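Chain by chain, the residues:
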Amino acid sequence: MKFLVIWTLFVLGMSSCGPSKPVTDRAWRFVGDKWVNYGLDHDVLKLSDAKDEFAKLKLRVTDAPLRIYDMKVYFDNGEVQDVPIKSLIRQGGESRVIDLTGSKRRLDRIEFWYETKGHSKGHSRIALWGY
């Protein structure tokens, strides 16, 4: 009898243990990337083939630090969201999480205004991640 009580408590305790995240929680997904040149410049990351919808974005930088001044997010319905970044993202670092206006949205393209001044590599890679 004592064994049955202990076994029942054990089973109930284990059944209440589950994943700490909801099942509907998705992971960050790679959206696209762009190699950007040395100096003060402006580039466009075209995403018109992207079929996924996103509510949040973030940028990751590799190969060299990158100072990003501004970003414009163009949605597939023609709307535009201006996102002032104004921060230096170190090599291997990432931006803050950027909340997109409205609900989940499909992306068409992203415009970046940036500067890679201060390093000798000549280029940097910027990757866009969505959630």
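For the structure itself, consult the block above.
Residues numbered from 1 in each chain as written. Predicted model: local features only at pLDDT ≥ 70, side-chain atom pairs only at ≥ 80, totals over all residues. Heavy atoms only, no water.

Participant: Pulling in residues and values, what's your account of unusual backbone geometry?
Facilitator: At aspartate 63, a position not held by glycine, the phi torsion is positive, near 75°. By the element assignment, aspartate 63 lies in the loop between strand E4 (56-62) and strand E5 (66-75). In this model, lysine 86 sits at a positive phi of 45°, which is unusual for a non-glycine residue. (Helix = DSSP H or I, 4+ residues; strand = E, 2+ residues; numbered from the N terminus.)

Participant: So, the side chain of glutamate 115: which residues are in play, and what are the values?
Facilitator: Structurally, glutamate 115 is set in strand E8 (residues 105-115). Reaching out from glutamate 115, the side chain makes a polar contact with the side chain of tyrosine 69 at a distance of 2.3 Å. Setting aside residues up to four positions removed in sequence, glutamate 115 forms contacts with Gly39, Leu40, Leu66, Arg67 and Tyr69. (Polar contact = N/O pair within 3.5 Å; in protein donor to acceptor, adjacent residues only side chain to side chain. Contact = heavy atoms within 4.5 Å.)

Participant: Could you give an account of the pairing of E5, with specific residues and numbers?
Facilitator: Remark: a regular strand shows side chains that alternate across the two faces of the sheet. Among the 10 residues that make up E5, 7 are buried, leaving the element largely enclosed by the rest of the structure. Looking at chain direction, E5 and strand E6 (residues 80-89) are connected through 8 bridges and run antiparallel. Looking across to E6, one finds that methionine 71 is bridged to valine 83. Counted along the chain from E5 to the antiparallel partner E6, the turn is 4 residues long, and its residue glycine 78 has a positive phi close to 95°. (Buried < 20%, exposed > 50% of the residue type's maximum accessible area, 1.4 Å probe, protein only. Pairing = 2+ DSSP bridges.)

Participant: Report on the packing of aromatic side chains, specifying residues and quantitative values.
Facilitator: Taken as a whole and assessed by the stated rule, the structure comprises 2 aromatic pairs. When the centroid spacing of 5.4 Å and the interplanar angle of 45° are considered together, the rings of tryptophan 28 and tyrosine 131 count as tilted. Of the two residues, tryptophan 28 is situated in the loop between helix H1 (2-16) and strand E1 (29-37) and tyrosine 131 in the segment after strand E9 (123-130); the sequence distance between them amounts to 103 residues. Relative accessible area serves as the criterion here: at 25%, tryptophan 28 is assigned to the partly exposed category. (Phe/Tyr/Trp six-rings, centres within 6.5 Å; stacked < 30°, edge-to-face > 60°.)

Participant: Any chance you could break down the pairing of E9 for me, citing the residues and the numbers?
Facilitator: The pairing of E1 with E9 spans 8 bridges and is classified as antiparallel. Looking at E9, one finds that valine 36 is bridged to serine 124. Bridge analysis of E4 against E9 gives 6 bridges, and the strand direction is antiparallel. What sits directly across from leucine 57, in E9, is glycine 130.

Participant: So what's going on with the sheet that holds E9? Residues and values would help.
Facilitator: Taken together, the 4 strands give an open sheet; going across it, the order is E1-E9-E4-E7, and neighbouring strands pair in antiparallel fashion. Two strands close off the open sheet at either side, each with one partner strand: E1 and strand E7 (98-99).

Participant: Tell me about the pattern of salt bridges, and name the residues and values.
Facilitator: Applying the stated rule across the entire model yields 8 salt bridges. Notably, a salt bridge pairs lysine 58 with glutamate 94, separated by 3.2 Å at the nearest N-O pair. Of this pair, lysine 58 sits in strand E4 while glutamate 94 sits in the loop between E6 and E7, and the two are 36 residues apart along the sequence. Classification of glutamate 94 as partly exposed rests on a relative accessible area of 41%. For arginine 60, the salt bridge identified is with glutamate 94, shortest N-O distance 2.9 Å. (Salt bridge = Lys/Arg side-chain N within 4 Å of Asp/Glu carboxyl O.)

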